[in-house]
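Chains, contacts and geometry: an overview
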Amino acid sequence: MLRDIEQYLTCPHCALGLALDQAGRTLRCPAGHSFDVARQGYVSLLPAGAHTGTGDTAEMVAARSDFLAAGYYEPIAAALAEAAVAPGTPGEPGTPAGLVADLGAGTGYYLARVLDALPRAAGAALDISKFALRRAAKAHPRAGAVVCDAWRPLPLADGCADLVLNVFAPRNGPEIQRVLRPGGRLLVVSPTTRHLQELVGALGLLAVDEEKERRIAEKLGPWLRPLAQHRVEFELRLSHRDAAAVVGMGPNAWHTDPAALAAALIALPEPITVTGSVRLDIYQRSTDS
Ligand SMILES: C[S@@+](CC[C@H](N)C(=O)[O-])C[C@H]1O[C@@H](n2cnc3c(N)ncnc32)[C@H](O)[C@@H]1O
Ligand SMILES: [Zn+2]
């Protein structure tokens, strides 16, 4: 609930702290800016006039929700939960209870898994799509959902997060560094070139950029220290319906004609065996930055 994270939230207009009223319906800052909580439990802290065009649509979110609920990406959730509780490096203390912020949280699927693994932590699901956050607001009893733009100042206080998650989502190095406490960690999940490769070939989907790993490291490197990298590989046996969902929930949704996709799927075996392959990169904010 928003109540669990209100102490960490800041006003998008003046950067002062926000507090919920007694009824839990409005967030206010001391300068008098106020933000109404939506009926579905999330709050928008976007500055006026912000563009939300890159956010997932209602259809993409529905496809993602069904696909994740079927458990296909459970190995990714398990790897995140394991990394969340593990000490950053040998000899360092484990992640204390506090705030876990998920940047580009979508439906809150991974945040909920990480919160289950950290029983005293609260979670902030941050995303620019209200359709995603309607679901994320209900993803976990200790999670609150906030509409914001990953490319602008995040509505979170300096150094308030123990852990930031970033799963297939936009990464803003300077802002992630700012909101992490010194010593806090960032867990980044990104696809390798093998991810869904069978579908990429058969359906003519966007291939993962071979330079992606280098680009992520270059963008985050100036702000955070790389600690470790893991590869998570698994096999998915997908019905045509679930193959269509995995296409419809990601960036291909913007580029693929549903009728052409349906026609291409018919030619594939059912179920079709597909590779899941992601990198989990662990970064840390140094204690002297
Ligand atoms: C591929 S989805 C991943 C969602 C979630 N992390 C997951 O893996 O289930 C990318 C997410 O980033 C969000 N997004 C896109 N542009 C954004 C922006 N500028 N600021 C915040 N979120 C953004 C989308 O709305 C979407 O929920
Ligand atoms: Zn304000």
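The text that follows walks through the structure, step by step, so that each part is easy to find. Please read all numbers here as calculations on a predicted model, not as lab measurements.

**A look at the nonpolar core**
With 57 residues, the main nonpolar core has Y73, L80, V100, L187, L199, L238 and V246 as its most contacted residues. A per-element tally of this core places helix α3 (residues 74–85) first, with six residues. Setting aside anything within four residues of it in sequence, one finds V246 in contact with F67, Y73, L196, L199 and L238. Formed by 36 residues, the second largest nonpolar core is a distinct cluster that contains L18, A101, A124 and A161.

**Comments concerning the sheet that holds strand β3 (residues 34–36)**
Taken in spatial order, the three strands line up as β1-β2-β3 in an open sheet, and their pairing is antiparallel. Each edge of the open sheet is held by one strand with a lone partner, namely β1 (19–20) and β3. As paired elements, β1 and strand β2 (residues 26–28) share two bridges and run antiparallel to each other. Counted as the bridge partner of L20 is L27 from β2.

**Observations regarding the side chain of D242**
By the secondary structure assignment, D242 is in helix α9 (residues 240–248). Of the side chains bearing the opposite charge, R241 lies closest to the buried D242, which forms no salt bridge; the N-O distance is 4.7 Å. Those residues in contact with D242, other than ones at most four positions away along the chain, are F67 and Y72.

**Overview of unusual backbone geometry**
Residue P271 is bonded to the preceding E270 through a cis peptide linkage, with omega at 0°. Not every positive phi belongs to a glycine, and F168 is a case in point at roughly 50°. Relative to the helices and strands, F168 is located in the loop between β8 (161–167) and α6 (173–179).

**What to know about the site of ligand 1**
What surrounds ligand 1 is a group of 19 residues, the closest being G104, D127, D149, A150 and V167. Within the side chain of R64, one N or O atom sits 3.1 Å away from an oxygen atom of ligand 1. In this structure, D127 approaches ligand 1 through a side-chain N or O atom, which is 2.6 Å from an oxygen atom. Summarising the interface, the protein chains cover 94% of the accessible area of ligand 1, which totals 600 Å² for the free molecule. For the shell around ligand 1, the residue count by class is ten nonpolar, five polar and four charged.

**A closer look at the packing of α9 against helix α10 (residues 258–266)**
Two elements in contact, α9 and α10, have axes whose closest approach is 10 Å; the angle formed by their N-to-C orientations is 140°. When the axes of α9 and α10 are compared, the pair comes out oblique. In terms of crossing hand, the pair formed by α9 and α10 is right-handed. Note on element contacts: α10 touches α9 through L261, L265 and I266, opposite H240, A243, A244 and V247. Along the lines of polarity and charge, the residues of the contact of α9 with α10 split into six nonpolar, one polar and no charged.

**Regarding the side chain of S65**
Topologically, S65 is positioned in helix α2 (residues 58–69). A polar contact is formed between the side chain of S65 and the side chain of R135, at a distance of 3.0 Å. Other than its neighbours up to four places away in sequence, S65 contacts T107 and R135.

**What about the coordination of the zinc ion (ligand 2)?**
The protein atoms that coordinate the zinc ion (ligand 2) are C11 (SG), C14 (SG), C29 (SG) and H33 (ND1), at distances of 2.1 to 2.3 Å. Classification of the site at the zinc ion (ligand 2) rests on its four donor atoms, whose angles at the metal span 102 to 120°, yielding the label tetrahedral. Spacing between the donor residues of the zinc ion (ligand 2) along the chain follows C-x2-C-x14-C-x3-H. Taken together, the residues C14 in the loop between α1 (2–5) and β1 and H33 in the loop between β2 and β3 connect sequence positions 19 residues apart.

**What about the sheet that holds strand β11 (residues 272–284)?**
The strand order across the open sheet formed by eight strands is β4-β7-β6-β5-β8-β9-β11-β10, and the pairing between neighbours is mixed. Here the strands that pair on one side only, and so sit at the sheet edges, are β4 (43–44) and β10 (225–238). Bridge count for β8 against strand β9 (residues 180–191) is six bridges, and the pairing is parallel. Bridging across to β9, L165 finds its partner in L187. Packing of α3 onto the sheet brings it into contact with β8, β9, β10 and β11, and relative to β9 it is tilted by some 165°.

**Looking at the packing of α3 against helix α4 (residues 109–117)**
α4 packs onto α3 with a crossing angle of 40° between their chain directions and a minimal axis gap of 9 Å. Between α3 and α4, the angle falls in the class oblique. Between α3 and α4 lies a crossing of right-handed hand. Residue-level inspection shows E74, I76, A77, A78, L80, A81, A84 and V85 of α3 in contact with α4, the latter providing Y109, Y110, R113, V114 and A117. Here the contact of α3 with α4 is composed, by residue class, of eleven nonpolar, no polar and two charged.

Conventions and cut-offs
- Residues numbered from 1 in each chain as written.
- Chains lettered and ligands numbered in written order.
- Predicted model: local features only at pLDDT ≥ 70, side-chain atom pairs only at ≥ 80, totals over all residues.
- Heavy atoms only, no water.
- Core = buried A, V, L, I, M, F, W, Y, C linked by side-chain atoms within 4.5 Å.
- Buried < 20%, exposed > 50% of the residue type's maximum accessible area, 1.4 Å probe, protein only.
- Helix = DSSP H or I, 4+ residues; strand = E, 2+ residues; numbered from the N terminus.
- Contact = heavy atoms within 4.5 Å.
- Pairing = 2+ DSSP bridges.
- Lys, Arg positive; Asp, Glu negative; His and termini not counted.
- Salt bridge = Lys/Arg side-chain N within 4 Å of Asp/Glu carboxyl O.
- Near = heavy atom within 4 Å.
- Polar contact = N/O pair within 3.5 Å; in protein donor to acceptor, adjacent residues only side chain to side chain.
- Areas by Shrake-Rupley, 256 points an atom, 1.4 Å probe, with all protein chains shown as cover.
- Nonpolar A, V, L, I, M, F, W, Y, C, P; charged D, E, K, R; others polar.
- Axes fitted to C-alpha atoms, helices over the stretch in contact; angles between N-to-C directions.
- Parallel < 35°, antiparallel > 145°, perpendicular 65-115°, else oblique.
- Left-handed = near helix turned anticlockwise from the far one by under 90°.
- Donors = N, O, S within 2.8 Å, 3.2 Å for Na, K, Ca; no water.
- Tetrahedral: all angles 85-135°; square planar, octahedral: opposite > 155°, others 65-115°.

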